[in-house]
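Residues per chain are reported as follows:
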Amino acid sequence: MARPSRYPLELRRRAVRMVAEVRDDHPNETAALQAVTEKLGIGSRETLRNWVKRHEIDAGQRPGTTQESAQLKALKKENAELKRANEILKAAASFFAAELDRPHTRS
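On a predicted model such as this, the values are computed, not experimentally measured, just so you know.

(A) Spotlight on the overall build of the protein chain. In terms of regular secondary structure, the protein chain is built from four helices and zero strands. Counted from the first residue to the last, the protein chain has its helices and strands arranged as α-α-α-α. A burial count over the protein chain gives 15% of its 107 residues as buried. Long-range contacts, defined here as pairs at least 24 residues apart, represent 36% of the contacts in the protein chain between residues at least 6 apart.

This is the structure:
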């Protein structure tokens, strides 16, 4: 589970807006991110890059929208549960096969 950001939501939104505004003033995205990072005193350029990426995903501008991500996560969880259930069934089948092969005596 992702840990909550130590930065306030409004600061994150403001930083993302600032990156969009200054992106054309810099030779590349990294330079724009660095400028905004320094101006706002954000910990690292990667932090800001993640905020921008998350904003683009939420806005549908980048592949992997939140709904698709949630569906994929649910499918992966279901797949893991089915694999575990299959392992349990195989173990039970092995146990019962061994019991059938074992000689039984009447008391």
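Right, picking up where we left off after that structure.
(B) Expanded view of the packing of helix α1 (residues 9–22) against helix α2 (residues 29–40). α2 packs onto α1 with a crossing angle of 140° between their chain directions and a minimal axis gap of 9 Å. Looking at the two axes, α1 sits oblique to α2. Helix-helix and strand crossings are classified by hand; for α1 and α2 the assignment is right-handed. Here Leu 11, Arg 14, Ala 15, Met 18, Val 19 and Val 22 of α1 come into contact with α2, specifically with Ala 32, Leu 33, Val 36, Lys 39 and Leu 40. Its residues assigned to classes, the contact of α1 with α2 comprises nine nonpolar, no polar and two charged.

(C) Geometry of the pattern of salt bridges. All chains considered together, the criterion is met by five salt bridges. A salt bridge links Glu 99 to Arg 102, with the nearest nitrogen and oxygen atoms 3.1 Å apart. On the basis of relative accessible area, Glu 99 is assigned to the partly exposed category, the value being 27%.

(D) Geometry of the packing of aromatic side chains. In this structure the tally under the stated criterion is two aromatic pairs. Ring geometry for Tyr 7 and Trp 51: centres 5.3 Å apart, planes at 80°, overall edge-to-face. Of the two residues, Tyr 7 sits in the segment before α1 while Trp 51 sits in helix α3 (residues 45–58), which places them 44 residues apart along the sequence. On the basis of relative accessible area, Trp 51 is assigned to the buried category, the value being 12%.

Cut-offs and rules
Residues numbered from 1 in each chain as written. Predicted model: local features only at pLDDT ≥ 70, side-chain atom pairs only at ≥ 80, totals over all residues. Heavy atoms only, no water. Helix = DSSP H or I, 4+ residues; strand = E, 2+ residues; numbered from the N terminus. Buried < 20%, exposed > 50% of the residue type's maximum accessible area, 1.4 Å probe, protein only. Contact = heavy atoms within 4.5 Å. Axes fitted to C-alpha atoms, helices over the stretch in contact; angles between N-to-C directions. Parallel < 35°, antiparallel > 145°, perpendicular 65-115°, else oblique. Left-handed = near helix turned anticlockwise from the far one by under 90°. Nonpolar A, V, L, I, M, F, W, Y, C, P; charged D, E, K, R; others polar. Salt bridge = Lys/Arg side-chain N within 4 Å of Asp/Glu carboxyl O. Phe/Tyr/Trp six-rings, centres within 6.5 Å; stacked < 30°, edge-to-face > 60°.

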